[in-house]
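Below, each chain spelled out in residue letters.
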Amino acid sequence: MNTAQNMDVVRRYFEAVAKGDLEGVGAAFSNDIEWHQPGKGTLSGLHRGKAAVFTLLGQFMQRSQGSFRIDKVGPLMAQGDLVSTSLHFCAEKPGAAIAMSGIDVLRIENGLIREVWLFSEDQDAEDAFWG
């Protein structure tokens, strides 16, 4: 695939995330996706496969009582099979809230998201929020 096609894959993924379209999110992922969740918290680490990634995403929703969202996605930038974007995310739970910027880097393989790396503005605060 070319760079423009890779960017379209990522664009469709973020559109599905914004709509809460889990089928669309899953359709964007390779079956053997690798998701690199940063930090030292209980959700941090490498999550392999769609089931593991959906479990992780479910934990974000559960721990934030359904409030977790990406409220801004910046311009997509690509080089070869890598696509990156800046974004802003937020979530709330009783007694705590989080709102910060981040960078997502996604590797596209055969028209699907094969690998994801996340970078957060304040990783210690994110770790504290998620537990």
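As the structure is a prediction and not an experimental result, all values here were calculated from the model. (Residues numbered from 1 in each chain as written. Predicted model: local features only at pLDDT ≥ 70, side-chain atom pairs only at ≥ 80, totals over all residues. Heavy atoms only, no water.)

### Quick notes on the overall build of the protein chain
(1) Moving on: Tallying secondary structure elements over the protein chain gives 4 helices and 7 strands in all.
(2) Moving on: At 14 Å, the protein chain has a C-alpha radius of gyration in line with the 14 Å of a compact globule built from 131 residues.
(3) Moving on: In terms of overall dimensions, the protein chain has C-alpha extents of about 45 × 30 × 25 Å along its principal axes.
(4) Moving on: Within the protein chain, buried positions represent 40% of all 131 residues. (Helix = DSSP H or I, 4+ residues; strand = E, 2+ residues; numbered from the N terminus. Rg over C-alpha atoms; globule rule 2.2 N^0.38 Å. Buried < 20%, exposed > 50% of the residue type's maximum accessible area, 1.4 Å probe, protein only.)

### What about the nonpolar core?
(1) Moving on: Ranked by size, the top nonpolar core spans 29 residues in total, and within it Tyr13, Phe29, Trp35 and Ile113 carry the most contacts.
(2) Moving on: Among the secondary structure elements, those contributing two or more residues to this core are helix H1 (3–19), helix H2 (22–28), strand E1 (29–37), helix H3 (50–63), strand E5 (82–93), strand E6 (96–109), strand E7 (112–120) and helix H4 (123–130).
(3) Moving on: When residues in this core are grouped by element, the largest group, 6 residues, is from H1.
(4) Moving on: Aside from chain neighbours lying at most four places away, what touches Tyr13 is Val25, Ala28, Phe29, Trp35, Leu106 and Ile113. (Core = buried A, V, L, I, M, F, W, Y, C linked by side-chain atoms within 4.5 Å. Contact = heavy atoms within 4.5 Å.)

### A word on H1
It helps to recall that an α-helix has 3.6 residues per turn; residues three or four apart then point in one direction.
(1) Moving on: Compared with an ideal rise of 1.5 Å per residue, which puts 17 residues at 24 Å, H1 spans 25 Å between its outermost C-alpha atoms and is within 8% of the ideal.
(2) Moving on: Buried within H1 we find Asn6, Met7, Val9, Val10, Tyr13, Phe14 and Ala16.
(3) Moving on: Where H1 terminates, the next one or two residues include Gly20, which has phi positive at roughly 70 degrees. (Expected span 1.5 Å × (residues − 1).)

### A few points about the UniProt feature "domain: SnoaL-like" (unreviewed entry) in the protein chain
(1) Moving on: The UniProt record marks residues 10–115 with the feature "domain: SnoaL-like" (unreviewed entry), using the residue numbering of this structure.
(2) Moving on: Helix makes up 29% of residues 10–115 and strand 48%, and the two end C-alpha atoms of the span are 12 Å apart. (UniProt positions renumbered as here; feature names shortened; annotations may be inferred.)

### Focus on the pattern of salt bridges
(1) Moving on: Tallied over the entire structure, the rule returns 7 salt bridges.
(2) Moving on: A salt bridge links Glu109 to Arg107, with the nearest nitrogen and oxygen atoms 3.0 Å apart.
(3) Moving on: A relative accessible area of 17% means that Arg107 is categorised as buried.
(4) Moving on: One salt-bridge network, in which partners are shared between bridges, spans Asp32, Glu34, Arg48, Arg107, Glu109, Arg114 and Glu115. (Salt bridge = Lys/Arg side-chain N within 4 Å of Asp/Glu carboxyl O.)

### Concerning empty space enclosed by the protein
(1) Moving on: Using the criterion set out here, one finds 1 cavity of 30 Å³ or more in the structure.
(2) Moving on: Looking at the largest cavity, its volume works out to about 50 Å³.
(3) Moving on: Considering the residues around the largest cavity, the lining is formed by Gln37, Pro38, Gly41, Thr42, Leu43, Ser44, Gln123, Glu126, Asp127, Trp130 and Gly131.
(4) Moving on: Top contributing element to the lining of the largest cavity by residue count: H4, with 4 residues.
(5) Moving on: The residue makeup of the lining of the largest cavity, split by class, is 3 nonpolar, 6 polar and 2 charged. (1 Å grid on protein atoms, 1.4 Å probe; cavity = no way out; pocket = protein on both sides within 12 Å on 5 of 7 lines; lining within 4 Å. Points joined across faces, edges and corners; volume = space filled by probe spheres on them. Nonpolar A, V, L, I, M, F, W, Y, C, P; charged D, E, K, R; others polar.)

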